[in-house]
Amino acid sequence: MTKTEYMKVLSKKLRRLPKEDYERAVEYFEEYFADAGPENEQKAIEDLGTPEEAARELIMDLAEENADKPPKTVKRGMRAIWIGILGICAAPIALPLALVFIILIACAFLVVFCVLLCIVIAGVSVAAGGIISAIAGAAVLFQSFADGLCNLGFGLGCFGAGLLFTYGSVLLFGWTVRKLSVFLGQITKGGRKK
């Protein structure tokens, strides 16, 4: 068996160790072979024994060494318990604040929707007023030509302005709805972008 084959088998046997212990163990065996040199490679393998034996011995040594230390999982478990306790204590404050935040966002969306709806209604109203003024101008045209022509021109101008205003406000409404949906999506994702 060569050093490469030995290290390959040994690495597989040591995979269940924690990452830092695994890296230290592999480094130790690499240094061991480097100190022995290429000419004493077989002697080093004989001294270490089979990769299974070396891995078993190393794992047992690490187990004895770690038996004196408190396990890290208990520390993490206590941290999780403390976070849970803090979460429970913060719930009476956090839940109403979250509810207020959600209501404020909903109110902001409602206000934006109402403003945009008012702009659309104003555009439609100007166009409708223009139509009524044009009809009135056409009716008055035969009684007083100047007044009728003035009302007809004013009505057609208002109708055209109302159409442009309505079209622009509908485009603004669509753009705002898209931007608000993107904003709401970013809030629900926590601000992360894809």
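Structural notes, computed from the coordinates. These numbers were taken from a predicted model, which means no experiment stands behind them.

## Focus on the environment of cysteine 118
Line of reasoning, step 1. With respect to the helices and strands, cysteine 118 occurs in helix H5 (residues 72-140).
Line of reasoning, step 2. On the basis of relative accessible area, cysteine 118 is assigned to the exposed category, the value being 52%.
Line of reasoning, step 3. For the pair cysteine 118 and serine 169, spaced 51 residues apart in sequence, the C-alpha to C-alpha distance is 9.4 Å.

## Considerations on the nonpolar core
Line of reasoning, step 1. One finds Tyr6, Leu10, Leu14, Phe29, Phe33 and Leu58 to be the most contacted residues of the largest nonpolar core, which totals 18 residues.
Line of reasoning, step 2. Broken down by element, this core gets its largest block of residues, six residues, from helix H2 (residues 19-36).
Line of reasoning, step 3. Other than its neighbours up to four places away in sequence, phenylalanine 33 contacts Lys3, Tyr6, Met7, Glu41, Ala44, Ile45 and Leu48.

## What about the state of the cysteines?
Two cysteines form a disulfide when their sulfur atoms are joined by a covalent bond.
Line of reasoning, step 1. One pass over the full model with this rule turns up zero disulfides.
Line of reasoning, step 2. Left unpaired, cysteine 114 is separated from the closest cysteine sulfur, that of cysteine 118, by 6.5 Å.
Line of reasoning, step 3. Accessibility expressed as a relative area gives 37% for cysteine 114, which makes it partly exposed.

## A look at the pattern of salt bridges
Opposite charge on two side chains permits pairing when their charged atoms draw close.
Line of reasoning, step 1. Under the criterion given, the structure shown has three salt bridges.
Line of reasoning, step 2. The partner of aspartate 47 in a salt bridge is lysine 43, and the shortest N-O contact between them spans 3.1 Å. Note that aspartate 47 and lysine 43 are positioned in helix H3 (residues 41-48) at a spacing of four residues, about one turn of the helix.

Calculation rules
Residues numbered from 1 in each chain as written. Predicted model: local features only at pLDDT ≥ 70, side-chain atom pairs only at ≥ 80, totals over all residues. Heavy atoms only, no water. Helix = DSSP H or I, 4+ residues; strand = E, 2+ residues; numbered from the N terminus. Buried < 20%, exposed > 50% of the residue type's maximum accessible area, 1.4 Å probe, protein only. Core = buried A, V, L, I, M, F, W, Y, C linked by side-chain atoms within 4.5 Å. Contact = heavy atoms within 4.5 Å. Disulfide = S-S within 2.5 Å. Salt bridge = Lys/Arg side-chain N within 4 Å of Asp/Glu carboxyl O.

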